[in-house]
Amino acid sequence: MARALTSFAIVVAAAGCKGPVRDRPAGGTAIAADAAPSLPLIGDPAPLPADGADGTLGVAGPATLIGHAPDGGWVALCQGEPARPRLIVGSGPGVGLDRIVATGPSDVVATTGERLVHVDARARTTRTMAWPLPAAIARDGQRVVLGAGADLVVLEPGQPPRRVATGQNVRAVALSTTRWAVVEHGVAAKPTPGCDRWWAFQGGATATIDLDPGAEAVERVGPALSITPAGEVALDGEVVIGTDCAALVVAALASPPRVMARCGSRELIAGPGGFRAWVSVLLGSALEVNAQVKIADDLRLGHRVVCLTGGCVDLVTGTDYSTWQHPLVWFDDRHVVRAQGSKLLLDRLPADAGNPVAHAEVALPRLVATTTIDTVTGRRVDGPAPQPPAFIDASGEWLLYGRHVVDLAAGALVATLPSDALAIDASGRVLVPAPGGGGPFRWQLPR
């Protein structure tokens, strides 16, 4: 007797999805916000110290980079003994902290003593909260969300704080998009001091909460992805992969609706309307026939580019980029960068399926040890041998690959730095340490 297949269903939600909204996310119920005229746990904003006179960041001494804003507006360093985070907005020595718990493009939430501190780099203000609460920041804005008992507190510039009920005590919170929060219920842990990343989730059941229940009503936030009882893959109400695939679904995108599945030893991109594209690079080992038709536990959601062993795939167009012979350097949803000997292969993804892929090859100069010889005495001084280039950082249209600064939009090498840098921002500035490799740091344009 044939064994009945278990039916799986998941909602595909992508940040910034512009497609029609349809059904409510699985496992979550939107709870209406109540009025919150008084929230004494949140202090009033106070101004941050003025920028330093010399434009440096941090203090003298050993330092490592924890993180930075895409525009360089804030930089977090690990300094001191014992090592603790130091947050610098603009420039100057910065503010000493105990633990950073959440970051965004313009905001940072951290602990200091028995309190949380929220730093708004754009407004150059700081404010304290009553105790170390779970916290999250929107990846594409300035919305800050705190867990306070069984409620979420939503903070936004120019708006009064408001509460959204979750039904149970909140242990951890994260924002999948600006509107939707994922919470884990339970007892919140207090972050201990340190420079490493804090992660409050403990692997328990999660729920999805609508942070804007008074906005346009939604029944769904993205097209539904499901495995039918017959072993087909359905997306947005349409069967897009048949039973012959024996599919293991590994990735999905909401807009345009796309699904990527492993069919035995091959990979297939499919979508409504008959879109199908076989991937020509082998992304990983697989049996000729998958043992079970299912959606992978580590399903990749909301990303146009998916990179697995052996290659990267553009889910919109079905274009693939092999990384067997050309090792992957870096990728996002607009670029794929690979190495080929002393060159970089830059592929800029098209805005839609009708545009050609822009491809550029950037030749990199060899990095050699400096040598100086006194022509009278013959005294020779050899500099240290530079390390082979590797990915350091990327922001906006700029890539820092070892000491090479690459303009991704132009597909060109801009500069090769005389010494190592630690980061690059969206304007192309690089973050360099003081002579000797420690603090204070400085942003500077490459020359």
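Computed from a predicted model, the values in this text were never measured in an experiment.

### What to know about the environment of Met260
Here Met260 is to be found in strand β24 (residues 258–263). Along the chain, Met260 and Ile241 lie 19 residues apart, while their C-alpha atoms are 9.7 Å from each other.

### Details of the confidence of the model for the chain
Summary statistics for the chain give a mean pLDDT of 85 and a share of 86% for residues scoring 70 or more. This stretch, residues 1–11, has a pLDDT under 50; its non-local contacts, to residues over four places away or in other chains, come to 26 contacts. In this model, residues 13–39 is a region of pLDDT below 50 whose contacts with residues beyond four sequence positions or in other chains number 64 contacts.

### Some remarks on the state of the cysteines
A full pass over the atoms with the stated rule returns 3 disulfides. Note that Cys78 is cross-linked by a disulfide to Cys195, the S-S spacing being 2.1 Å. A torsion of 85° about the S-S bond marks the disulfide between Cys78 and Cys195 as right-handed. Of this pair, Cys78 sits in strand β6 (residues 74–79) while Cys195 sits in the loop between β18 (180–185) and β19 (206–210); the two residues are 117 residues apart in sequence, bridging distant segments of the chain. Take Cys78 and Cys195: they sit in the same class, and that class is buried. Across the disulfide from Cys245 sits Cys263; the S-S distance is 1.9 Å. Negative torsions about the S-S bond denote left-handed disulfides, and the value of about -90° found for Cys245 with Cys263 makes this one left-handed. Of the two residues, Cys245 is situated in the loop between β22 (238–241) and β23 (248–253) and Cys263 in strand β24; the sequence distance between them amounts to 18 residues.

What counts, and where the lines are drawn
Residues numbered from 1 in each chain as written. Predicted model: local features only at pLDDT ≥ 70, side-chain atom pairs only at ≥ 80, totals over all residues. Heavy atoms only, no water. Helix = DSSP H or I, 4+ residues; strand = E, 2+ residues; numbered from the N terminus. pLDDT = per-residue confidence, 0-100. Contact = heavy atoms within 4.5 Å. Disulfide = S-S within 2.5 Å. Buried < 20%, exposed > 50% of the residue type's maximum accessible area, 1.4 Å probe, protein only.

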